[in-house]
Structure formats: structure tokens, C-alpha cells
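# Coordinate inspection notes
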Amino acid sequence: MLSAEEFATLRHARMRWNTPLSEEHAALLLQRLEVRSGVRVLDLGCGWGELLLRAVAGGAGAAGVGVDTDEAALVRGRALAASRSLGDRVRFVREEAAAWREPADRVLCVGAAHAFGGTVGALDALAGVVRPGGRLLFGDACWEAAPGGAAVRIFGDAVLPLAELVEQVRVAGWRVLHLSTADLREWDDFESTWRAGRQEWLLEHPEDSRAAEVRGELDVRLREYVGAYRGVLGMAYLVLGR
Ligand SMILES: C[S@@+](CC[C@H](N)C(=O)[O-])C[C@H]1O[C@@H](n2cnc3c(N)ncnc32)[C@H](O)[C@@H]1O
């Protein structure tokens, strides 16, 4: 029987990172971010910091800090860093992203704009933590197609259409060095891996006292994905400078 803590880690167990992103796409984004030797990298809302670790590993002498409020994710990040001999170059800090003040040369904020009150708040706040001449990798949800009522009910009315997101980037004073969006296969893989940790457990433990709740949550999520937001909710990745 899994302990409550072990059970909680199942949710993200099959995920490489907590965003719809292929290996190839990630490599492109990190290339566009240009992590040069010796730079300081900051990841706000880092989760377990897979992108941060790759960014730091890609720049000789680079060092980084990951900031998140989820202690379990930070524990996973520290273990990953140690397993890649990056423990002395990457720190994981439990803190509110919006409270972080120390600027860096390269800043990542992927899927965590809500920690700054949403897209516009994040674009403004992140300007304060990117050093002059630095770059920001901003990953944010957007509508790629007009959402139906069900999608708006799930994600709220603060999600912007892609064109409006790009306009807000301009208004906030950023220049776009790179723009790409997650494709359908990346979304399918993200959704599948989000469910997979607990789906696999469920198949092995159909009689567990937690099974009914897990089955219900997974069913709802899959139904919402294919019924309301597959091909509608997008994820934009922008490499920005100012
Ligand atoms: C969608 S996940 C993305 C994680 C990571 N950037 C990645 O791409 O794998 C959003 C992350 O934001 C973190 N988060 C949410 N609110 C936060 C806050 N107020 N301060 C810091 N992190 C926060 C969550 O714990 C979660 O790890």
C-alpha cells in the first residue's frame, strides 16, 4: 500500500516536465534562449526544474535557481540535479514566484503566469528579474481556436487568444525573438502522461479505497480534454528580450 506521500507523487510520475512540450521543441527553445557560459538562470514556477536543469547543463559554468511553492516538486528537482552532478550549480528554493527579486541573465517562466496574477501581471513582473540584455522564456496558455462555453468554464475568462497574448507582450515592452506553440501531439502526450501515473496504478489496484476517486478524476479530465479543449487550448512559447 502506497503512503499518502508516495500516492501524491503518482500524479506527475510519468511526466518529463509539466507542460505540453516535446524533446525536440524543448531543445529548440533552449537554443533560442542562448544560455552562454557563466550565465545565471532563474526558473520561476519551476516544478521539478527539468528545463532549468537542461538550460544550466547546456552552458559551461552556468548556474541556476528554481523557485516553486510545491515542496514535492522541489525534492524531485534536487534529486534530479544530484543525479546529473548539477547539485552544486542548481538550487531549488521554496518561495512565491512573485516574491523573488534577484535578477538573472536567463529567466524561465513556463505555465506559471498565474503565480503573478495572470499573463499581463507576469509580463510586467518578469521585466524586473531579467538583467539588461537578458532573455526570458515565457510559456503561457492561450486560445488557439475560439473556445466553447465548456472550455471557458474550465479555464476561466482570463486566457487570451494567441494574437492578444502577442499584443500584450508588445505592450509590456518585450520584443519577440522566438514564438512557437505546442502541437496536438505534444498536447496529447502531455494529457496522457498527466493521467498515466495514476492510470497505471489504477489498473493494478482496482479495489484500493482510493480507486473510485482516482477513476472519477481521470475520467472527467479525459472527457474534458477530448470534449472541450483539445485543439482549442494552446500553449505558446516565447523567447523575449527588451
Ligand atoms: C504547469 S506547472 C509548470 C512547471 C514547470 N515550469 C514546467 O514547465 O515543468 C506550474 C508550476 O507553478 C507552480 N506554482 C503555482 N503557484 C506558484 C506560486 N505562487 N509561486 C511559485 N510557484 C507556483 C506550481 O507548483 C507548478 O510547479
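Note: the structure precedes this text.
The sections below set out a description of the structure shown in this document. Note that the coordinates shown come from a computational prediction; the quantities given were computed from them, not determined experimentally.

What follows concerns the pairing of strand β1 (residues 40–44). For β1, the tally of buried residues reaches 4 of 5 residues, placing the bulk of the element in the interior. Pairing between β1 and strand β2 (residues 63–68): 5 bridges, direction parallel. Along β2, the bridge assignment pairs Val 41 with Gly 64. This β-α-β element, β1 to helix α3 (residues 50–58) to β2, shows right-handed connectivity.

What follows deals with the layout of surface pockets. Estimates place the volume of the largest pocket at around 1100 Å³. Asn 18, Val 110, Gly 111, Ala 112 and His 114 are, among the 45 residues lining the largest pocket, the residues nearest its centre. When the residues that make up the lining of the largest pocket are grouped by side-chain class, the tally is 24 nonpolar, 11 polar and 10 charged. One number sums up the size of the second largest pocket: a volume of about 280 Å³.

When helix α2 (residues 23–33) is considered as a whole, its buried residues turn out to be His 25, Ala 26, Leu 29, Leu 30 and Leu 33. Buried residues in α2, looked at end-on, bunch into an arc of 135°, giving them a common side. Across α2 from its buried face, at more than 90 degrees, point the exposed residues Glu 24 and Gln 31. Its buried side turned inward, α2 meets α3, β4 (104–110), β5 (130–143), β6 (175–181), α8 (184–204) and β7 (233–241).

Membership of the largest hydrophobic core comes to 48 residues, with the highest contact counts inside it found for Val 41, Leu 51, Phe 92, Leu 137 and Tyr 237. Counting residues in each nonpolar core, the second largest holds 29 residues, with Trp 100, Ala 122, Val 129 and Leu 238 among its members.

Here the focus is the pairing of β4. Taken across its 7 residues, β4 has 7 buried, putting it largely inside the fold. Two strands pair when backbone bridges link them, and β1 and β4 are joined in this way by 3 bridges, in the parallel orientation. Considered in β4, the bridge of Val 41 is made with Arg 106. One ladder, built from 6 bridges, connects β4 with β5; its direction is parallel. Looking at the pairing, Val 110 lines up with Gly 139 of β5. Handedness of the β-α-β unit built from β4, helix α5 (residues 119–126) and β5 comes out right-handed.

This part takes up the environment of Asp 140. In this fold, Asp 140 is placed in strand β5. With sequence-adjacent residues up to four places away left out, Asp 140 is seen in contact with Ala 113, Thr 119, Leu 165, Gly 234, Met 235 and Ala 236. A polar contact of 2.6 Å, which involves the side chain of Asp 140, links it to the side chain of Thr 119.

Per the stated rule, a full pass over the model turns up 0 disulfides. Of all cysteine sulfurs, the one in Cys 109 lies closest to Cys 46, which takes part in no disulfide; the gap is 11 Å. With a relative accessible area of 9%, Cys 46 lands in the buried category. Take Cys 142: it sits in no disulfide, and the sulfur closest to it among the cysteines is that of Cys 109, at 14 Å.

Surrounding the ligand, one finds 17 residues, the nearest of these being Asn 18, Gly 45, Asp 68, Glu 96 and Val 110. A distance of 2.6 Å separates an oxygen atom of the ligand from a polar side-chain atom of Asp 68. At 2.8 Å, a side-chain N or O of Glu 96 approaches a nitrogen atom of the ligand. Structurally, the ligand is housed in the largest pocket. When its residues are assigned to classes, the shell around the ligand shows 6 nonpolar, 7 polar and 4 charged.

Rules of the game
Residues numbered from 1 in each chain as written. Predicted model: local features only at pLDDT ≥ 70, side-chain atom pairs only at ≥ 80, totals over all residues. Heavy atoms only, no water. Buried < 20%, exposed > 50% of the residue type's maximum accessible area, 1.4 Å probe, protein only. Helix = DSSP H or I, 4+ residues; strand = E, 2+ residues; numbered from the N terminus. Pairing = 2+ DSSP bridges. Right-handed = clockwise from strand over helix to strand, strands pointing away. 1 Å grid on protein atoms, 1.4 Å probe; cavity = no way out; pocket = protein on both sides within 12 Å on 5 of 7 lines; lining within 4 Å. Points joined across faces, edges and corners; volume = space filled by probe spheres on them. Nonpolar A, V, L, I, M, F, W, Y, C, P; charged D, E, K, R; others polar. Arc of directions from axis to C-beta. Contact = heavy atoms within 4.5 Å. Core = buried A, V, L, I, M, F, W, Y, C linked by side-chain atoms within 4.5 Å. Polar contact = N/O pair within 3.5 Å; in protein donor to acceptor, adjacent residues only side chain to side chain. Disulfide = S-S within 2.5 Å. Near = heavy atom within 4 Å. Sits in = over half its atoms within 2 Å of the grid points.

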